[in-house]
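Examining the three-dimensional arrangement
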Amino acid sequence: MEKHPVLVAPSLLAANFLELGKEVDMVNRSEADWFHLDVMDGRFVPNISYGLPVIAQIRKKAQKPCDVHLMIEEPEKYAADFKKAGADILTVHFEACIHLHRNIQQIKGLGMKAGVALNPHTPVGMLENVIRDIDVVLIMSVNPGFGGQTFIEQTYQKIRQLRQLITDNHAHALIEVDGGIGTDNAGQLIQAGANVLVAGSAIFSSADPEKTIHALKTSAQ
């Protein structure tokens, strides 16, 4: 199999929000590649997280791309606002978009990379007609809405199917995986075809977050 780069995107949902500046500094110092920022509206998912003001503050200190994952309904209403707040990559959920192609074109038109997230029950084949327009496909390896959930084993097969879809369509999308990821399964995910590992609890709850990020980065070696 062709070798793909391994990117690590710490999820700040698991960070200590009383020490958010220090947590951002740690990610800046580390070998991490992106900041993963989860936005939840309490409607699309049964939880509410942070939004535009917090992301705008993180962006002031962040020295790496901000990967914003919108777990919200009607994301097209807020795309321009998230661009203004500092998003470099904006990911919307397939399940939340009635006019997905239009959503993708809107995000790219605003100058961001476009991501599409798939919930655990959504087959990768649903993206066949837009795969060449997408920069990142985010495979949810837990049901979205809460951190610290157990990894869904079917995800490995789903990644392999998505990798085949990308290859067959001569597409360039990166495969990002989010949920229940740690040093114990990172290697298998990369082997299956993933490019980007999102990890929250595994990083921010560890005794040495920078060391954990290094272990995730080198998990395919």
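So, how was this worked out
Residues numbered from 1 in each chain as written. Predicted model: local features only at pLDDT ≥ 70, side-chain atom pairs only at ≥ 80, totals over all residues. Heavy atoms only, no water. UniProt positions renumbered as here; feature names shortened; annotations may be inferred. Buried < 20%, exposed > 50% of the residue type's maximum accessible area, 1.4 Å probe, protein only. Helix = DSSP H or I, 4+ residues; strand = E, 2+ residues; numbered from the N terminus. Pairing = 2+ DSSP bridges. Right-handed = clockwise from strand over helix to strand, strands pointing away. Axes fitted to C-alpha atoms, helices over the stretch in contact; angles between N-to-C directions. Parallel < 35°, antiparallel > 145°, perpendicular 65-115°, else oblique. Left-handed = near helix turned anticlockwise from the far one by under 90°. Contact = heavy atoms within 4.5 Å. Nonpolar A, V, L, I, M, F, W, Y, C, P; charged D, E, K, R; others polar. Phe/Tyr/Trp six-rings, centres within 6.5 Å; stacked < 30°, edge-to-face > 60°.

- As recorded in an unreviewed UniProt entry, the protein chain goes by Ribulose-phosphate 3-epimerase and comes from Chitinophaga ginsengisegetis.
- Regarding the protein chain, the relevant UniProt record gives this comment under Pathway (unreviewed entry): "Carbohydrate degradation."
- Comment text from UniProt for the protein chain, heading Catalytic activity (unreviewed entry), reads "D-ribulose 5-phosphate = D-xylulose 5-phosphate".

**Brief notes about the pairing of strand E5 (residues 113–118)**
- The element E5 is extensively covered by neighbouring structure, given that five of its six residues are classed as buried.
- Of the pairings in the sheet, the one linking strand E4 (residues 89–93) to E5 comprises five bridges and is parallel in character. Within E5, the residue paired with His93 across the bridge is Ala117.
- Read as a crossover between parallel neighbours, the route from E4 over helix H4 (residues 100–109) to E5 is right-handed.

**A closer look at the packing of helix H1 (residues 20–29) against helix H2 (residues 52–61)**
- It is at 10 Å that the axes of H1 and H2 come closest, and there the two elements cross at 45°. Taken as axis vectors, H1 and H2 run oblique relative to one another. Along this stretch, H1 crosses H2, giving a crossing that reads as right-handed. Touching Leu20, Gly21, Val24, Asp25 and Asn28 of H1 are Val54, Ile58 and Lys61, all from H2.
- Looking at the contact of H1 with H2 residue by residue, the classes come out as four nonpolar, two polar and two charged.

**Observations regarding the UniProt feature "active site" (unreviewed entry) in the protein chain**
- UniProt records the feature "active site" (unreviewed entry) at Asp38 and Asp178, using the numbering of this structure. The named residues occupy 141 residues along the chain; their greatest pairwise C-alpha distance, 10.6 Å, places them in one compact cluster.
- Looking at the secondary structure, you find Asp38 in strand E2 (residues 35–40).
- According to the relative accessible area criterion, Asp38 is buried, its value standing at 3%.
- Inspection of the secondary structure assignment puts Asp178 in strand E7 (residues 174–178).

**With respect to the side chain of Asn169**
- Note that Asn169 resides in the loop between helix H5 (155–168) and E7.
- Asn169 gets classed as buried once you look at its relative accessible area, which sits at 19%.
- Setting aside residues no more than four positions away along its own chain, Asn169 makes contact with Glu128, Ile131 and Arg132.

**Quick notes on the packing of aromatic side chains**
- If you walk through the whole model with that rule in mind, you get two aromatic pairs.
- Between Phe17 and Tyr50 the ring centres are 5.6 Å apart and the planes differ by 40°, which places this aromatic pair in the tilted class. Taken as a pair, Phe17 in the loop between strand E1 (7–10) and H1 and Tyr50 in the loop between E2 and H2 lie far apart in primary sequence, 33 residues in all.
- For the pair Phe151 and Tyr156, a centre-to-centre distance of 5.2 Å together with 50° between the ring planes defines the contact as tilted.

**A closer look at the sheet that holds E7**
- In space, the eight strands of this open sheet follow the order E1-E8-E7-E6-E5-E4-E3-E2, with parallel pairing throughout. At either margin of the open sheet sits one strand with a lone partner, and together these are E1 and E2. Looking at each pair of strands side by side, their axes are set apart by 25° on average, direction ignored.
- Taken together, the three bridges between strand E3 (residues 66–71) and E4 define a ladder with parallel strand orientation. If you follow Val68 over to E4, its bridge partner there is Leu90.
- Strands E5, strand E6 (136–140) and E7 of the sheet are contacted by H5, whose axis makes an angle of about 165° with E7.

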